[in-house]
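# Remarks on the overall topology
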Amino acid sequence: MEFFEITGGSSLRGEVSLHGAKNSVLPILAAAVLVNGECILHNCPNLSDVSRTLDILNKLGCTVTAEENTVTVNSSNISSYCIDECEMREMRSSILFLGSLIGRLKNACVYLPGGCEIGTRPIDMHIKALKELGAEIEEKGSCLCCKARRITGKKIILPYASVGATENIMLCTAVSQGTTTIINPAREPEICDLASFLNKCGARIRGAGESEIVIEGVEGLHSCEHTIIPDRILASTYMSACAATAGDIIIADIVPSHLAPVFPYFNEMGCHIYLDKNLMRITAPKRLKRVKKINTLPYPGFPTDSQSPLAAALSVAKGTSVIKETVFENRFRYVGQLNRFGADIEVNDRIAVINGVKKLNAANVEATDLRGGAALVIAALAAEGVSTVDKINYIDRGYEAFENGLGRLGANIKRISNGKENEEEKSAKYYRACCSEQISAHT
C-alpha cells in the first residue's frame, strides 16, 4: 500500500506537460476490438485503468504490446466475447466493451461495471439504445448476455447527453447496416477523439462535438495509427494546484478550446491566463477571490471531473463560493477529508458552500475517489506542514505518476510504500482469486 507524503506551503513554479487523456484512451482501446488489424496508439498514459483495459484486451484474444507511451493492439485473432465480473467491477469504462463486442462479434457477455463510488451512473440508456439498434440483451442479475443477428442504423434520441451511452452507440454502429443518428449526444472532446480514431480506421462518422452525430455503417474497419488528445482534466488539476499555492506555472501540450469551460472561473478567482498556441501560463494572486457559483454540466459546461480540485483551491479563497454538482450525486464524498485540513465546507444535497479560510493546516487523509484524491493533494500542497494522502490507488487511475508532474513544478511530494495491505486490498485480492477459480472450472 502506498501513500503520498507532502510538505506544503510553497508556491508552484515551472513547466509541466500533459499526458494523454484518460477519458479518451479508454474508449479508443475498446474501439480497437472493432478493427481487423493492428492499431498503434501514441500518447497513451500509464494509468492503472489503462493497464486493466489492456488485460481485458489480452484475455479477449488480442495481441497487445506497450512501450513507453505507445500501445499496439492487434485484434485480428480476437477469440472471446466474455469479460469476467472481476475485471468489469474494477472500472466504469469497461462497459464500453459492450458496444464494441456487439459491433465486431455480434455477441457480448459482460457484467455491470464498477469504478469510483461517486454516483449510481446507470447504464439504462446504453441498453435501451443497443436494443433499439437490434441487439438482444438478457439481464441475469449483474450479468448482461447480448447477441445481435445484425445491427441496423436508426435515429436514437438520448434524454441526457451521456458520454458512455454516446460512445457505446458509436462503437456498436460503426460497423453496421444503414445510418444511425444520435440526437442530443455528448459533445466532450473525447467523443471527437473517438470519432477521429474510428474515421481513420475507415468509419464514416460526422457531427461529433455537435448536436447530432451521424454514423454511416461500413462493412469493416482497418488498421490505423492515432495520437490520443492531451488530458484537459489533468490541465485543470494543475491549474487548481497553481491557484491554491499562489503559483506561476506553464502547462505545455494543451488544446485551449478544450479548457474554455474552466477559464472564466479561474479569471474570477483573480488568476491570469496567457495562451500561446499549445502553451498556457497561469499566475495566481497571493489570495484567491471567491467564485459566486459553479454548476457542473456536460460539455461545454464546467466539467464535473474538475470540480473537486477547484474546490480545494477555493477553500483558501477570500469569501464564500458555491458549487452545485448536477452530474454525480456522490461527488462531494471527499469534503469530509478536505475539512480535516481546516477547510470550511458545508454540503447540503448536491450543493457545497465553501467558506474560504486564510490558511490550511497539515493533515493525514484518505482519498475517496480519483478526482477527490487529487483535491486532497492540492490541499496538502497549500497547507503548512507535512501531510499524508493515503489510498492513492484511486489517484493512479487517472494521473500518471502524479508526484513526478507536481515535482517538476517544485512540489515537495514523495510516494512512499509502507508495505502493508489494507482490508479493501485483501478483499479485492480474495475476490479475484475466487473469480479465477470459477473461470478455471468453466474452461
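Use the structure listed above.
In short, a report on the structure. (Residues numbered from 1 in each chain as written. Predicted model: local features only at pLDDT ≥ 70, side-chain atom pairs only at ≥ 80, totals over all residues. Heavy atoms only, no water.)

### Some thoughts on the pairing of strand S15 (residues 272-276)
- Pairing of S15 with strand S16 (residues 279-283) involves five bridges; the strand directions are antiparallel. Across the sheet, residue Asp276 finds its bridge partner in S16, namely Leu279.
- Hairpin connection from S15 to S16: two residues lie between these consecutive antiparallel strands, with Lys277 at a positive phi of about 55°. (Pairing = 2+ DSSP bridges. Helix = DSSP H or I, 4+ residues; strand = E, 2+ residues; numbered from the N terminus.)

### Details of unusual backbone geometry
- For the bond running from Tyr299 to Pro300, omega is 15°, close enough to zero to count as cis.
- Along the chain, Pro300 turns up in the loop between strand S17 (294-295) and helix H10 (307-314).
- Of note in the backbone geometry, Lys106 takes a positive phi value of approximately 65° without being a glycine.
- Within the secondary structure layout, Lys106 lies in the loop between helix H4 (96-105) and strand S6 (107-111).
- The class for Lys106 is partly exposed, based on a relative accessible area of 23%. (Buried < 20%, exposed > 50% of the residue type's maximum accessible area, 1.4 Å probe, protein only.)

### A word on the sheet that holds strand S22 (residues 385-390)
- Strand order in the open sheet formed by four strands is S21-S22-S1-S23, and the pairing between neighbours is mixed. The two strands at the open ends of the sheet, each matched to only one other strand, are strand S21 (364-366) and strand S23 (412-417). Neighbour-to-neighbour, the strand axes of this sheet turn through a mean angle of 20°, independent of strand direction.
- Two strands pair when backbone bridges link them, and S21 and S22 are joined in this way by three bridges, in the parallel orientation. Across the sheet, Asn364 pairs through a bridge with Thr388, a residue of S22.
- Along the sheet, helix H12 (residues 370-382) makes contact with strand S1 (2-8), S21, S22 and S23, crossing S1 at roughly 30°. (Axes fitted to C-alpha atoms, helices over the stretch in contact; angles between N-to-C directions. Contact = heavy atoms within 4.5 Å.)

### What to know about the environment of His42
- Looking at the element boundaries, His42 is found in strand S3 (residues 38-42).
- Judged by relative accessible area, which is 23%, His42 ranks as partly exposed.
- Once the C-alpha coordinates of His42 and Glu68 are considered, the two residues, 26 residues apart in sequence, prove to be 9.3 Å apart.
- Discounting residues that sit within four places of it in the chain, His42 has contacts with Asn69, Thr70, Glu225, His226, Thr227 and Ile228.
- Side chain to side chain, His42 and Thr70 meet in a polar contact 3.0 Å long. (Polar contact = N/O pair within 3.5 Å; in protein donor to acceptor, adjacent residues only side chain to side chain.)

### What to know about empty space enclosed by the protein
- Counted under the stated rule, the structure contains two cavities of 30 Å³ or more.
- Counted as a void, the largest cavity has a volume near 40 Å³.
- Its residues assigned to classes, the lining of the largest cavity shows three nonpolar, seven polar and no charged.
- The wall of the second largest cavity is formed by Arg232, Ile233, Ser236, His258, Leu259, Pro261, Val262, Pro303 and Ser306.
- Of the residues in the lining of the second largest cavity, the class split is five nonpolar, three polar and one charged. (1 Å grid on protein atoms, 1.4 Å probe; cavity = no way out; pocket = protein on both sides within 12 Å on 5 of 7 lines; lining within 4 Å. Points joined across faces, edges and corners; volume = space filled by probe spheres on them. Nonpolar A, V, L, I, M, F, W, Y, C, P; charged D, E, K, R; others polar.)

### A look at the environment of Tyr238
- Positionally, Tyr238 belongs in helix H8 (residues 232-244).
- Judged by its relative accessible area of 4%, Tyr238 falls in the buried class.
- When the C-alpha atoms of Tyr238 and Gly342 are compared, they prove to be 22 Å apart, with 104 residues separating the residues in sequence.
- Setting aside residues no more than four positions away along its own chain, Tyr238 makes contact with Val16, Ser17, Leu18, Ile249, Ile251, Phe402, Gly405, Leu406 and Leu409.

### As for the sheet that holds strand S13 (residues 224-227)
- Pairing is mixed across the open sheet formed by four strands, whose spatial order is S4-S5-S3-S13. On the outer flanks of this sheet lie strand S4 (63-67) and S13, each paired with one strand and no other. Within this sheet the neighbouring strands show an average axis-to-axis angle of 15°, counted without direction.
- Where S3 lies against strand S5 (residues 70-74), four bridges are found, and the strand directions are antiparallel. Following the sheet pairing, Leu41 is matched in S5 by Val71.
- Most of the contacts of helix H2 (residues 48-59) go to S4, to which it runs at about 150°, and overall it touches S4 and S5.
- Its contacts with the sheet place helix H7 (residues 189-200) against S3 and S13, and it is angled at close to 160° to S13.

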